[in-house]
Amino acid sequence: MSPSHPKRILVVDDQPNIVDMLATVLTFHGFAVATAASAAEAVERAAEHRPDLVLLDVMLPDGDGRDVCRRLRAAGSAAGVVFLTARDAREDLITGLAYGGDDWITKPFDVDVLLARVRAVLRRVATEPAGRVLRHADVELDQDTLEVRRAGEPVQLSPTELKLLRYFLQNPGRVLSRTELLRAVWEYELDSNVVDTYVGYVRRKIGPSLIVTHRGFGYALRAERP
């Protein structure tokens, strides 16, 4: 990370001790930090500061962090979103990811683990200028602009969905195991169900038949049937 261009992180939580701790730790590690204590303030601060990543508490005094994430995505924000949650119910986390989140971490959390996940999500968000367009069937991904189109129409993907689709497009026809996808996209160990969840999101956005399931092995990209 260049010291002259630090990554911008917005911390959204209504507990001052958590906000102060995260702001201190993140600033020490070279990030530019802004904070918000409510859903309304989070949306305003995101518009002002254009963060690269948002650490977003799920339970806020004036609303739900998952709705904040949905509003950010609707406004065109491509920032990475990591949910902070005291709840570990799988259905709550899946709902957050469906709204455009990229990861979550359960309170109380280990600071080193949180930093590792923040950096991993930032790597997913970062543009890698490859200077070429990846195409398969009627789907294309411009690696310079990170724009995705299906049959010429734009498709909005979260950073994690984008990286997952990109990995499929870079490996057409190969059967990719859940373990390989976790390492390539998330870069650390998670429940393999996360892969299934995100493959489902990508399928809904680019067409259900483009990614085929090989039971017991993983997933592969194939051309859609006419």
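For every chain, the first residue of the written sequence is number 1, and numbering continues from 1 along that sequence. Reporting in this predicted model follows two pLDDT cut-offs: at least 70 for local features of residues, and 80 or more for side-chain atom pairs to be given and counted; totals over whole chains, interfaces and linings ignore these cut-offs and use all residues. Each side-chain value is worked out from all heavy atoms of the structure, with water and hydrogens disregarded.

Caption draft 1: Quick peek at unusual backbone geometry. The step from Lys107 to Pro108 runs through a cis peptide bond, and the omega angle for that step is -10 degrees. Notably, Ala137 is not glycine yet its phi reads approximately 55 degrees, a positive angle. Within the element layout of this structure, Ala137 appears in the loop between β8 (133–136) and β9 (139–142). Even without being glycine, Ala151 reaches a positive phi, approximately 55 degrees. Strands here are runs of E lasting at least two residues and helices are runs of H or I lasting at least four, both read from the DSSP assignment and numbered beginning at the N terminus. Within the fold, Ala151 resides in the loop between β10 (147–150) and β11 (153–155).

Caption draft 2: Here's a closer look at the UniProt feature "modified residue: 4-aspartylphosphate" (unreviewed entry) in the protein. Feature annotation in UniProt assigns "modified residue: 4-aspartylphosphate" (unreviewed entry) to the following positions: Asp57. The residue Asp57 is located in strand β3 (residues 53–57) in this model. A relative accessible area of 4% places Asp57 in the buried class. Any pair of residues with heavy atoms lying within 4.5 Å of one another is described as a contacting pair. Apart from the residues lying within four places of it in its own chain, the contact partners of Asp57 are Val12, Asp13, Asp14, Gly65, Leu84 and Lys107. UniProt positions are given in the numbering used here, feature names are shortened, and annotations may be inferred rather than shown by experiment. Remark: exposure states derive from per-residue accessible area (1.4 Å probe, protein chains only) relative to the maximum for the residue type, with buried under 20%, exposed over 50%, and partly exposed in between.

Caption draft 3: Spotlight on the pairing of β10. Of the pairings in the sheet, the one linking β9 to β10 comprises four bridges and is antiparallel in character. Counted as the bridge partner of Asp142 is Glu147 from β10. Following DSSP output, two strands are said to pair if at least two bridges run between them. Here β9 folds back onto β10, and the loop between the two strands holds four residues, one of which, Leu146, carries a positive phi near 60 degrees. As judged from the three bridges shared by β10 and β11, these two strands associate in the antiparallel manner. Residue pairing for β11: Val148 is matched across the bridge by Val155. Hairpin connection, β10 to β11: the antiparallel pair is bridged by two residues, and Ala151 has positive phi, about 55 degrees.

Caption draft 4: Up close: the side chain of Ser158. The residue Ser158 is located in the loop between β11 and α6 (159–170) in this model. Note on Ser158: relative accessible area 3%, which makes it buried. Other than its neighbours up to four places away in sequence, Ser158 contacts Arg73, Gly100, Gly101, Asp102, Tyr198 and Lys205.

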